[in-house]
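Read off the chains here:
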There are 2 protein chains.
Amino acid sequence: MAPLDMKTADPELMRAINRFHVMDAIRRFGPISRVEISDRTQLSATTVSAITAALLDDALIMTHQLGGIRDAAARGRPRVMLELNPAAAHVVGVKLALDQITVATTNFSADVLSSLVLPIRLHRQPVSVIADLVEDGIRRSVADAGLTMEQVSGVCVGLPGVVERIAGVCRASPIFGERDVPFAAELTARLGGVVATIDTDVNLVTLAEHWFGQARGLDDFLVISVELGLGLGILHNGELFRGANGLSPDLGDLMVRAPDGSGAVRLASAASEASMVAEAQEILAGSEHEHAFRLGRGIDKILELAAAGEPRILALLDRAGGALGFAIANLITLFAPPKVILAGAALEAGEALVGPIRRTVTELLPASLADVSEIVVHHWRDDIWARGAAAMTLRDLYGAPWNTTGPVVHR
Amino acid sequence: MAPLDMKTADPELMRAINRFHVMDAIRRFGPISRVEISDRTQLSATTVSAITAALLDDALIMTHQLGGIRDAAARGRPRVMLELNPAAAHVVGVKLALDQITVATTNFSADVLSSLVLPIRLHRQPVSVIADLVEDGIRRSVADAGLTMEQVSGVCVGLPGVVERIAGVCRASPIFGERDVPFAAELTARLGGVVATIDTDVNLVTLAEHWFGQARGLDDFLVISVELGLGLGILHNGELFRGANGLSPDLGDLMVRAPDGSGAVRLASAASEASMVAEAQEILAGSEHEHAFRLGRGIDKILELAAAGEPRILALLDRAGGALGFAIANLITLFAPPKVILAGAALEAGEALVGPIRRTVTELLPASLADVSEIVVHHWRDDIWARGAAAMTLRDLYGAPWNTTGPVVHR
DNA sequence: TACGTTTAATAAACAATGCGGATTAAATCT
DNA sequence: AGATTTAATCCGCATTGTTTATTAAACGTA
């Protein structure tokens, strides 16, 4: 074994750690004054002053001019409020799904400046074709935002499947026909100097939930997305959880009891949108509804029939919910997260799907963990992925120095 | 939310981090010279010199007098070898199982100085009775080692179930009738100044495997123990994995498909020693073997019959292996560990149990993870638990400063 | 308007740390 | 005995965070 892999400490690391804490406080609570940063971080006022001076110098933060609302009874020298400088950097977030590409450009505060959707079926396209499409989308979104590529600090691509972020390699994904696709390198090569990284789509939204969403400030929670495929994001101890080597797990690969009790099946084939649509298509073969599934949005038809109370569809959703509940119960047993966030078009079915999930989780969870987790449904706006991608890239820009999880830079 | 919870950096933390790295290098590779520490840790020779001087001053390490074996062609000033000072501290490790208490006293190098086994059925004894028994065992083991309680730096107790180490509370365990037992406090109160901590029994052995055993230097692996109950230990990114709030998960609480395909069952009721014995007893009711199960060591009878090729026992082991394989496949999907270590009396059945485990894992694992994990069986000596408890306590003594995971001290 | 009070932010002095280069220590080689 | 080689330490320097003192910028009051 080579040198011990943990980082040793020197003054530079010390500064990096404290700079991160200051940045994090400004991001989370800004506009915020130096005194309050000092309070929250437990750093001395002097240190905060020195660090903020450097950050102002680098134009990463700026003073909030529109004087803060001073308490009427305020005395003494007023606090100068500090906040992120939105113009300090711009990043592009991309989400690849089986049926579309979403691209958005954001500023340093993760505000979306421009976004676009390319409704293209990517299924089994060659990697180079997909990379070309993504490149075009990025360049167009950047132009729409009134920026040039030189002003873009980073690009982050989220996609379903098994992703090794550090290496920039997609080990397996429904998007690609091949295995072990070095998509980060592929894309970076096309962008002329702008570094692209990749991650699981759900990891992006998990980070977005942590920074902006329902789990703000919560250090442990799960995100489960039910789209064409299934996604799992885990925030554990304030950090995105990844398996060994930074390999993000794929929820669809988890095994569950078969809904009909006949053994084990992949969760993806029991509870993903794709599997539900296929099953519904089979159930309704020959009926008046059959043709609706030809149009590609079979899930909408399922929701419609569920709302109408069609019993076979309700039974289908019940089985899917049972399978999801099984997997979620096991995840709660392992991670004990206070919150589990569900999202995805299928969740629009409401109690028809969520009910069985909750019921199964309650049924299968041991008594000692009965009350640790709250299961909530969150309806995402389209841009949450982009904000997550932005957060991921911003984290790299001023990221936590104690994690060696930064991605490899391909040039 | 109060102050940001991550530690801020100051010179003291810097020194603590580097001191840890030096200690860790000495522990892992000692006897080791200062230059080699410098090489391995990437710290400058000056810094290593300063830190080792302080450690020598505190008598935590000592110079290795029996001059190292110098290469015949060696030139220059000889290296002075450094190693842990075994007498620097002593700790006591305790393991509670349903049928016995094991106690061992070790020195600073985790060598076992004395150990004893109390074959007592703890099942549903009052907490105070168990604490009394443990106290007696500890005092006797310490005396056997020729030490006084004043010389003991810490006590660590491992037990099955759901344990919240930081709080020192056992949330649920087959050992205790009650829930939420503050056993660390209970025991510390009896030991007059010596601090006791608790943890999952498997976590202790996981740390022992990491420090001394088959997984030395491996940063990611799983440990699965099949005893009367089931245990799961996870080393992830070089750290013991715990759920939110430091809650260690219980393998027995994981749900698996029922072996007969009729739904879901707790793994504990499908593959633990207890469940296998109960099932075997039922299968063999009325046969010549029935009375063997009255003697308490039913697992031995199972192994004997498996070796003899008794088909119903082989089928039983096959079902249990299938259930374990199901759970292990899901764990591999989540954690992607390069190694999975199995242990426990039931594993003596050899291929009759391990075969089905391997087969099921191979069958259920997705192709992208087919080759990441090696499954091995490790036969533990009785003292491995004690060494793990020692390692756990030593880690607290000179522990990783960046983890806020130290246990609460009750007095 | 002048001056005191209050609070925020910075400056100066100090202590701890790690590092690079020079120096000393301890062995072998010639 | 002196040169050579390698290990370990000493010295001076740069960086950092903290404490204490000082300045800055507001308001209140006479």
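Residues numbered from 1 in each chain as written. Chains lettered and ligands numbered in written order. Predicted model: local features only at pLDDT ≥ 70, side-chain atom pairs only at ≥ 80, totals over all residues. Heavy atoms only, no water.

Caption draft 1: Quick peek at the overall build of chain A. A tally of regular secondary structure across chain A gives twelve helices and 17 strands. Taking 22 Å as the expected radius of gyration for a compact globule of 411 residues, we find that chain A reaches 23 Å, a close match to that expectation. Here the C-alpha coordinates of chain A stretch approximately 75 × 55 × 50 Å along the principal axes. Expressed as a percentage of its 411 residues, the buried residues of chain A come to 56%. A separation threshold of at least 6 residues defines the contact pool for chain A, and within that pool the share at least 24 residues apart is 65%. Surface summary for chain A: the accessible area is close to 16600 Å², and the carbon and sulfur share equals 50%. Charge centroids of chain A, computed over 36 positive and 48 negative side chains, lie 5 Å from each other. (Helix = DSSP H or I, 4+ residues; strand = E, 2+ residues; numbered from the N terminus. Rg over C-alpha atoms; globule rule 2.2 N^0.38 Å. Buried < 20%, exposed > 50% of the residue type's maximum accessible area, 1.4 Å probe, protein only. Contact = heavy atoms within 4.5 Å. Areas by Shrake-Rupley, 256 points an atom, 1.4 Å probe, with all protein chains shown as cover. Lys, Arg positive; Asp, Glu negative; His and termini not counted. Charge placed at Lys NZ, Arg CZ, Asp CG, Glu CD.)

Caption draft 2: Spatial organisation of the pattern of salt bridges. Residues and elements named next belong to chain A. All chains considered together, the criterion is met by 34 salt bridges over all chains. Arg27 is the salt-bridge partner of Asp24, the closest N and O atoms lying 3.0 Å from each other. Residue Asp24 and its partner Arg27 are located together in helix α1 (residues 11-29), separated by three residues, close to a single helical turn. By relative accessible area, Asp24 is classed as buried at 10%. Among the residues examined, Arg27 registers a relative accessible area of 18% and is labelled buried. (Salt bridge = Lys/Arg side-chain N within 4 Å of Asp/Glu carboxyl O.)

Caption draft 3: Just the protein's contact with DNA strand C, in detail. Around DNA strand C sit 25 residues in total, of which Ser49, Gly76, Arg79 and Val80 of chain A together with Thr47 of chain B are the nearest. Between Arg79 of chain A and DNA strand C, the recorded distance is 2.6 Å, taken from a side-chain N or O atom to a phosphate oxygen. Within the side chain of Arg15 of chain B, an N or O atom sits 3.4 Å from a phosphate oxygen of DNA strand C. Only α2 (34-41) and α3 (45-57) of chain A together with α1 (11-29) and α3 (45-57) of chain B provide two or more residues apiece to the surface near DNA strand C. The element best represented in the surface near DNA strand C is α1 of chain B, accounting for four residues. In terms of residue class, the surface near DNA strand C is made up of nine nonpolar, eight polar and eight charged. (Near = heavy atom within 4 Å. Polar contact = N/O pair within 3.5 Å; in protein donor to acceptor, adjacent residues only side chain to side chain. Nonpolar A, V, L, I, M, F, W, Y, C, P; charged D, E, K, R; others polar.)

Caption draft 4: A look at the relation of the copies chain B and chain A. The transformation that overlays chain B on chain A combines an axial shift of 0.0 Å with a rotation of 180 degrees, and the residual RMSD is 0.1 Å. In the structure described here, the two chain copies are related by an operation that fits a two-fold rotation axis. Using C-alpha coordinates, one finds that chain B approaches the rotation axis most closely at Arg257 of chain B, a distance of 2.3 Å. Mapped onto chain A, 100% of the interface residues of chain B again fall at the interface, so both copies present the same surface. (Least-squares fit on C-alpha atoms with pLDDT ≥ 70 in both.)

Caption draft 5: Structural view of empty space enclosed by the protein. Tallied over the full model, the rule gives seven cavities of 30 Å³ or more. Quantified by volume, the largest cavity comes out at close to 90 Å³. The wall of the largest cavity is formed by 13 residues, among which Leu254, Asn330 and Leu334 of chain A together with Leu254 and Asn330 of chain B lie closest to the centre. Of all elements in the fold, only α10 (311-335) of chain A together with β14 (255-257) and α10 (311-335) of chain B reach the threshold of two or more residues within the lining of the largest cavity. A per-class count over the lining of the largest cavity returns eleven nonpolar, two polar and no charged. Approximately 50 Å³ is the volume attributed to the second largest cavity. Surrounding the second largest cavity, Gly93, Val94, Lys95, Thr102, Val103, Ala104, Ser115, Asp382, Asp383, Trp385 and Ala386 of chain B form its lining. Contributions of two or more residues to the lining of the second largest cavity are made by β4 (90-96), β5 (101-107) and α12 (384-397) of chain B. Grouping the constituent residues of the lining of the second largest cavity by class yields five nonpolar, three polar and three charged. (1 Å grid on protein atoms, 1.4 Å probe; cavity = no way out; pocket = protein on both sides within 12 Å on 5 of 7 lines; lining within 4 Å. Points joined across faces, edges and corners; volume = space filled by probe spheres on them.)

Caption draft 6: Representation of the protein's contact with DNA strand D in the model. Around DNA strand D there are 24 residues in total, and Asn18 and Thr47 of chain A together with Ser49, Gly76 and Arg79 of chain B lie nearest to it. In DNA strand D, atoms within 4 Å of the protein come 75% from sugar and phosphate. Within the side chain of Thr46 of chain A, an N or O atom sits 3.0 Å from a base oxygen of DNA strand D. Arg77 of chain B places a main-chain nitrogen or oxygen 2.9 Å from a base oxygen of DNA strand D. Those elements that provide at least two residues to the surface near DNA strand D are α1 and α3 of chain A together with α2 (34-41) and α3 of chain B.

Caption draft 7: Local environment of the interface of chain B and chain A. Residue-level contacts link 63 residues of chain B with 64 residues of chain A. Roughly 5200 Å² is buried in total at the junction of chain B and chain A, and carbon and sulfur atoms are behind 66% of that figure. Here chain B is connected to chain A by zero salt bridges. Counting residues per element, the ones that place at least two in the side of chain B that touches chain A are α1, α2, β12 (230-236), β14 and α10 of chain B. The element best represented in the side of chain B that touches chain A is α1 of chain B, accounting for eight residues. (Buried area = accessible area lost by both parts, 1.4 Å probe.)

Caption draft 8: Representation of the packing of helix α6 (residues 201-211) of chain A against helix α12 (residues 384-397) of chain A. Residues and elements named next belong to chain A. Remark: α6 packs on α12, axes separated minimally by 7 Å, with the N-to-C direction vectors making an angle of 85 degrees. Taken together, α6 and α12 sit at an angle that is classed as roughly perpendicular. Where α6 approaches α12, its residues Asp201, Val202, Asn203, Leu204, Val205, Leu207, Ala208, Glu209 and Trp211 are matched on the opposing element by Ile384, Trp385, Arg387, Gly388, Ala389, Ala391, Met392, Leu394 and Arg395. Each residue belonging to the contact of α6 with α12 can be placed in one class, and the counts come to twelve nonpolar, two polar and four charged. (Axes fitted to C-alpha atoms, helices over the stretch in contact; angles between N-to-C directions. Parallel < 35°, antiparallel > 145°, perpendicular 65-115°, else oblique.)

Caption draft 9: Geometry of the domain arrangement of chain A. As assigned here, chain A comprises domain 1 (11-87), domain 2 (89-208 + 384-397) and domain 3 (215-377). Between the C-alpha centres of domain 1 of chain A and domain 3 of chain A the distance comes to 42 Å. (Domains from an automatic or database assignment.)

Caption draft 10: Quick look at α12 of chain B. All names here are of chain B. Taking 1.5 Å as the rise per residue, α12 with 14 residues should run 20 Å; its terminal C-alpha atoms sit 20 Å apart, in good agreement. For α12, the complete set of buried residues consists of Ile384, Trp385, Ala386, Gly388, Ala389, Ala390, Ala391, Met392, Thr393, Leu394 and Arg395. In the core, the buried residues of α12 are packed alongside β4, β5, β7 (152-159), β10 (196-200), α6 (201-211) and β13 (239-240). (Expected span 1.5 Å × (residues − 1).)

Caption draft 11: Layout of the pairing of strand β11 (residues 221-226) of chain B. All names here are of chain B. The buried fraction of β11 amounts to six of the six residues, a majority that puts the element mostly inside the structure. Burial along β11 is two-sided: the face carrying Phe221, Val223 and Ser225 and the face carrying Leu222, Ile224 and Val226 are both buried. When β11 meets β12, the two strands line up antiparallel, connected through six bridges. Within β12, the position partnered with Phe221 by the bridge is Leu235. In this structure, the hairpin formed by β11 and β12 is closed by a connection of three residues. (Pairing = 2+ DSSP bridges.)

Caption draft 12: Quick look at the environment of Ile198 of chain A. Residues and elements named next belong to chain A. You can see Ile198 is positioned in strand β10 (residues 196-200). Overall, Ile198 belongs to the buried group, its relative accessible area being 0%. On a C-alpha basis, the gap between Ile198 and Trp211 in space is 19 Å, while along the polypeptide they are 13 residues apart. Not counting residues up to four positions away in its chain, the partners in contact with Ile198 are Val157, Leu159, Val163, Arg165, Gly168, Val169, Cys170, Phe183 and Ala184.

Caption draft 13: Structural context of α12 of chain A. α12 of chain A sits mainly inside the fold: eleven of its 14 residues count as buried. Here the buried face of α12 of chain A lies against β4 (90-96), β5 (101-107), β7 (152-159), β10, α6 and β13 (239-240) of chain A.

Caption draft 14: Region of the structure containing the sheet that holds strand β16 (residues 339-343) of chain B. Residue and element names in this part refer to chain B. One open sheet accounts for five strands, arranged β13-β12-β11-β16-β17; its pairing is mixed. Every interior strand has two partners, whereas the edge strands, β13 and β17 (374-377), have only one. Strand direction decides the pairing type here: β12 and β13, joined by two bridges, are antiparallel. Within β13, the residue paired with Leu235 across the bridge is Leu240. Each of β11, β12, β13 and β16 is contacted by α6, which is oriented at about 45 degrees to β12, the strand it contacts most.

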